[in-house]
Structure formats: structure tokens, C-alpha cells
Amino acid sequence: MNLMQLFDLSLQGRREQVGLELNGQTFTFGEIDLRSNRMAALFTTRGLVRGDRLCVYLANCLELIDIYLACVKLGVIFVPINILYREREITHILTDAEPKAVIAAQGMPGGTPLWHVDELNTPQEAARPQVPLDGDSPAALVYTSGTTGVSKGAILTHNNFAANCVNLNACWAITADDRFLLALPLFHVHGLANGLHCWLLSGCRMRLLERFEHQKAAAEFLDFRPTLFFGVPTIYVRLLGFPDDIAREVGGFMRLFVSGSAPLPSQVFEEFRQKFGHTILERYGMTETLMNISNPYVGERRPGTVGMPLPGVSARIVNGEVQMRGPNVFAGYWRREEATQAAFDDGWFRTGDMGECSSDGYYTLLGRKSDLIISGGFNIYPREIEDFLTEQEEIAEAAVVGIADPVRGEIPVAFFVACKPIGPEELEARCRASLASFKVPRRFVAVEQLPRTALGKVQKHLLTDLNS
């Protein structure tokens, strides 16, 4: 079975039902299906065939959905590019993926044919293309965020995406009755594999925003009155700024808040529960595996943990590292056989995330393996120190990195964003009162903001550079 056969539960089965709201317009599932047929016909006239790569450099828009579904129907491999990327990063993806063309709203570097999105004049009518595809056919080539090292293209198949959205709709009870507010970018697997796919499989009504704007967030919630929302920790920090009466009203019609893409501080978890009356469901996924582990929809959503492996997904911890196996795990890195082989241990994907598992099966992430600080022979997990720092009422955000030291090998250094005045001496004193001496950061550096990816993941290598 391929993705279109799943999506047809909505595109064909709910043709007359309104499925999408965008910029004040509404579209039925049937209209969405016809629009993507027309886009597929245009692509065919421009020479795109099964297996070709098509790069797309667009913010959330209706055409992005048309393009993606057209690619799925044709067997063309969809290659989204982060709209925050600039020439060097874009050039790397274009060189590596070797796409037939790139669709954008502006000029692009290099010699790849550029199709301007506003010039994609599709025919008035077009039949659905009939291209034989199975579950192992590649659907997308999604490049890792490249927070460390060179960004690599993860080959994600129809089966990977299908297993993911079937799991999430079942485990999170997503149905056609939901009203889904999606503000995440579709160039990322969080917005694409979770957001777009869960919507199309369930047949719920979705309002898609071009981006999350905290100044407009309360109005969006009150106007659309969603039951379902996916966010990242930085978004939930912003939602805590809602007035109490609005937070209570939003909490009254919401069914489920989900957080991922970066660790959710325990302090935010608790404050959100008190303010909105909802316990955020935290889960764990990555580009190469989509969703791996989730706190339960019915049952204890344990703060600081990411829950238990999803159905069909197996997890284990080897030398402190979390490893995964299941139908969600990608087919390998694009044209990087050595990197693909190095990423697997006897069929288990090495996530690079350090973790531990409780006796009752809840997994807790301790940070990236590459973030592990070894100081004077002691292992230091930055996540533990970061959680402690963000528990302080004066601290809005914190990140801890290892800095080279001639005596201890590495020492921890803390970067923090303050919301109230506090000095390094006071922070050090509080750390010494609550943490082992070797975990206490040797420096505390106040910054206006932490450098982050588009999905809120802290780019720690930039902090290391800042320290030097």
C-alpha cells in the first residue's frame, strides 16, 4: 500500500467535506485532490518522472500541499528545504540531491532549473496519474538539521510515513471530529509527517498557518477553536503568556497538546498544566525515524520523559545510547553508504541520543551523545543542568556546552536568557547547593537569545563558537 491509498480515505471518501482552512479560504478534500492532480499534470509536461528529485523552498502555503501530493502521486521524491537556510546550506542540498528542478518564491543559487511558485500555471482539468508505487518507494528526501557536521539526506519511504501516521492517529485518538491547528513548517518532518499526514489520514478539519506568530496566537485559538495542536517547547513558552482567562477558555475546548522536536523543560510542563488545565503529551522522534516513543494519551504523561515505544517500534539502550528498530526507520542516507552502515548496529539505528529507561518502560533522554561532557573522568549530561537552571524563576532558557580545558579535558559552560535580573555568582551558588561539584558550570554567560533551528532545537555548536 502506498500513501495515496491511505490519503484517499479523505481525498476520495470525504470529497465534499471541508478539510482545509488557509488565509481565510476553505477547501474540500475533493478540491485538494483535484488541485494536486492538476499540479501533477504540469510536472509531467515539464519532464518529471518517478524517482526524480524536486526541491521545494517555500513557507507554508496552499501550493506546497499541491506540490507534495503531486509528488506522491507521481513517485517524484519530495525534497523540502528549510526556508531559513541561506546560500551555502541550499547549495549543499542542491548539489547532493541533484534535483530536476527547484520550486521557490525567489531566486536560488546554482544552476538547477528554478520554477517560480507563482508561475506554476496548471491545466483546468487533469486526471489522477497512474504510477505503480509500493510501500518501499521513496517519498521524500529530508535533510538533517546539520546542527553538527554536514547535513545528510534521509530517504523516507511510503511505508515509513504510513507507519508513522497510522500509529499517531491510533495512539493519540485523532479522528475526523478533530479541529487541528497547525503552525509548524511543512519543510520539517514534524509538520509534514505528523501534521500533514495525520490530517489527511484522519479527515479532520485543519487550519494551516504560514508560521507561528505569538502576537496572533490567542486570536487564532479563539477563532478556530481547535481540539488538537502540535508545538515545540519555544511555542509552549509563548503560550504561557496568554492571559489567565484566555488560557482557561482555550483549555476548555482543546483535547490534546503535543510537544516535540526539542526537550520540554519540566517547569514549562507544570506551568502549562496549571494555566491551561492540560498535560502536554511529550514524544520523541527524529528525521531518520519519524516518531519513536510517546507518552500515552490515556495514562500517565510523565514530566521529563518521552514515554514508551510506539506500536511496532522497538527500543534499547546500548552503552547509554538509545537505539531504534521498526517500520518507521528510514531506508538510509542518500548516496552515503558508509554513513548509512555506520548509523546501524546489527539492524538497530543509532540515534546519537543518550537515555535511560525506568523499570516500568518510560524513556528519558539525557541529551545528544555528541553533547556529553567528560570532565576529569566524570560524565556530565547537559540536560540535567539545563533543567535545573530553567527551574529558577529568573531564567527563561538555558543551554550547557562543553568547552575544552587543558586540565579536565572539558568543562561545562552555561549560556542563559534571563527574564529577571540575576548574576553569575548567584547562579553558581544555587548550582553548588543542588548539583554535584563536577556538574557546576565553570562559567555563566548571559545572552539575549539562544541560537535555534526553525523547529526550536538549540544549535550548541554556535554557542561553543561564541565562547571562543
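What you see is a predicted model, and the numbers here were worked out from it, not measured in a lab.

S.K.: Whenever I open this one, the packing of aromatic side chains confuses me. Can you help?
M.R.: Two numbers describe a pair of aromatic rings. These are the distance of the centres and the angle of the planes. One pass over the full model with this rule turns up 21 aromatic pairs. With centroids separated by 6.4 Å and ring planes inclined at 70 degrees, the aromatic side chains of Phe-229 and Phe-257 adopt a geometry described as edge-to-face. Of the two residues, Phe-229 is situated in strand β11 (residues 228–231) and Phe-257 in strand β12 (residues 256–259); the sequence distance between them amounts to 28 residues. There is no split in this pair, since Phe-229 and Phe-257 are both buried. Put simply, the rings of Phe-221, Phe-229, Tyr-236, Phe-242, Phe-257, Phe-272 and Phe-276 touch in pairs and so form one group of aromatic residues. The ring of Phe-224 has Arg-179 lying over it, and the distance from NZ or CZ to the ring centre is 4.3 Å. Cation over ring: Arg-302 sits above Tyr-362, and NZ or CZ is 3.8 Å from the ring centre.

S.K.: Could you clarify how one ought to interpret the pattern of salt bridges in this entry?
M.R.: Where charged atoms from two side chains of opposite charge approach closely, those side chains can pair. All told, the structure shown has 32 salt bridges when counted by the stated rule. Here Arg-207 and Asp-223 are joined by a salt bridge, their closest N and O atoms 2.7 Å apart. Of the two residues, Arg-207 is situated in strand β10 (residues 205–208) and Asp-223 in helix α7 (residues 214–224); the sequence distance between them amounts to 16 residues. Judged by its relative accessible area of 13%, Arg-207 falls in the buried class. Residue classification places Asp-223 among the exposed residues on the basis of a relative accessible area of 53%. For Glu-393, the salt bridge identified is with Lys-420, shortest N-O distance 3.7 Å.

S.K.: Sorry, what's going on with the sheet that holds strand β23 (residues 395–405) here?
M.R.: Whether parallel or antiparallel, the strands of a sheet pair through hydrogen bonds between backbone atoms. The three strands are arranged β23-β24-β25 in an open sheet whose pairing can be described as mixed. Bordering the open sheet on either side are β23 and β25 (443–446), each of which pairs with just one other strand. For this sheet the average axis-to-axis angle between neighbouring strands, irrespective of direction, equals 25 degrees. Taken together, the four bridges between strand β24 (residues 409–418) and β25 define a ladder with parallel strand orientation.

S.K.: Quick question: what am I supposed to make of the environment of Asp-405 here?
M.R.: With respect to the element layout, Asp-405 can be found in strand β23. Relative accessible area serves as the criterion here: at 22%, Asp-405 is assigned to the partly exposed category. The sequence separation of Asp-405 and Ser-375 amounts to 30 residues, and the corresponding C-alpha distance is 8.6 Å. Those residues in contact with Asp-405, other than ones at most four positions away along the chain, are Glu-410 and Ile-411. A polar contact is formed between the side chain of Asp-405 and the backbone nitrogen of Arg-408, at a distance of 2.7 Å.

S.K.: Is there a simple way to think about the pairing of strand β14 (residues 290–294) in this case?
M.R.: When a strand is regular, its side chains alternate between the sheet's two faces. Of all five residues in β14, five are buried, a share of seventy percent or more. Note: strand β13 (residues 281–286) against β14, four bridges, orientation antiparallel. Looking at the pairing, Met-286 lines up with Leu-290 of β14. Hairpin connection between β13 and β14: a loop of three residues separates the two successive antiparallel strands. Inspection of the sheet shows β14 paired to strand β15 (residues 308–309) by two bridges, in the antiparallel sense. Across the sheet, residue Ser-294 finds its bridge partner in β15, namely Met-308.

S.K.: It is not clear to me how the nonpolar core should be interpreted in this structure. Could you clarify?
M.R.: General note: in soluble globular proteins, nonpolar side chains tend to be found buried as a group. In terms of nonpolar packing, the biggest core is built from 112 residues, with Phe-43, Leu-54, Ile-67, Trp-199, Leu-239 and Phe-257 touching the most fellow members. Ranked by residue count, the leading element in this core is helix α3 (residues 62–74), at ten residues. Non-local contacts of Ile-67, meaning those with residues more than four positions away in its chain, are made with Met-39, Phe-43, Leu-54, Val-56, Leu-58, Phe-78, Ile-103 and Leu-120.

S.K.: I tried to follow the sheet that holds β15 on my own but got confused; where do I start?
M.R.: If you trace the nine strands from one edge of the open sheet to the other, you get β2-β1-β10-β9-β11-β12-β13-β14-β15, paired in mixed fashion. Lying at the two open borders of the sheet, with one neighbouring strand each, are β2 (25–28) and β15. As judged from the four bridges shared by β11 and β12, these two strands associate in the parallel manner. Bridge pairing in β12 links Phe-229 to Phe-257. Contacts between helix α6 (residues 189–202) and the sheet are confined to β1 (18–22), β9 (179–182), β10, β11, β13 and β14, with β9 contributing the most and set at about 160 degrees to the helix.

About the criteria used
Residues numbered from 1 in each chain as written. Predicted model: local features only at pLDDT ≥ 70, side-chain atom pairs only at ≥ 80, totals over all residues. Heavy atoms only, no water. Phe/Tyr/Trp six-rings, centres within 6.5 Å; stacked < 30°, edge-to-face > 60°. Helix = DSSP H or I, 4+ residues; strand = E, 2+ residues; numbered from the N terminus. Buried < 20%, exposed > 50% of the residue type's maximum accessible area, 1.4 Å probe, protein only. Lys NZ or Arg CZ within 6 Å of the ring centre and 35° of its normal. Salt bridge = Lys/Arg side-chain N within 4 Å of Asp/Glu carboxyl O. Pairing = 2+ DSSP bridges. Axes fitted to C-alpha atoms, helices over the stretch in contact; angles between N-to-C directions. Contact = heavy atoms within 4.5 Å. Polar contact = N/O pair within 3.5 Å; in protein donor to acceptor, adjacent residues only side chain to side chain. Core = buried A, V, L, I, M, F, W, Y, C linked by side-chain atoms within 4.5 Å.

Shape is all these values report; function is a separate question.
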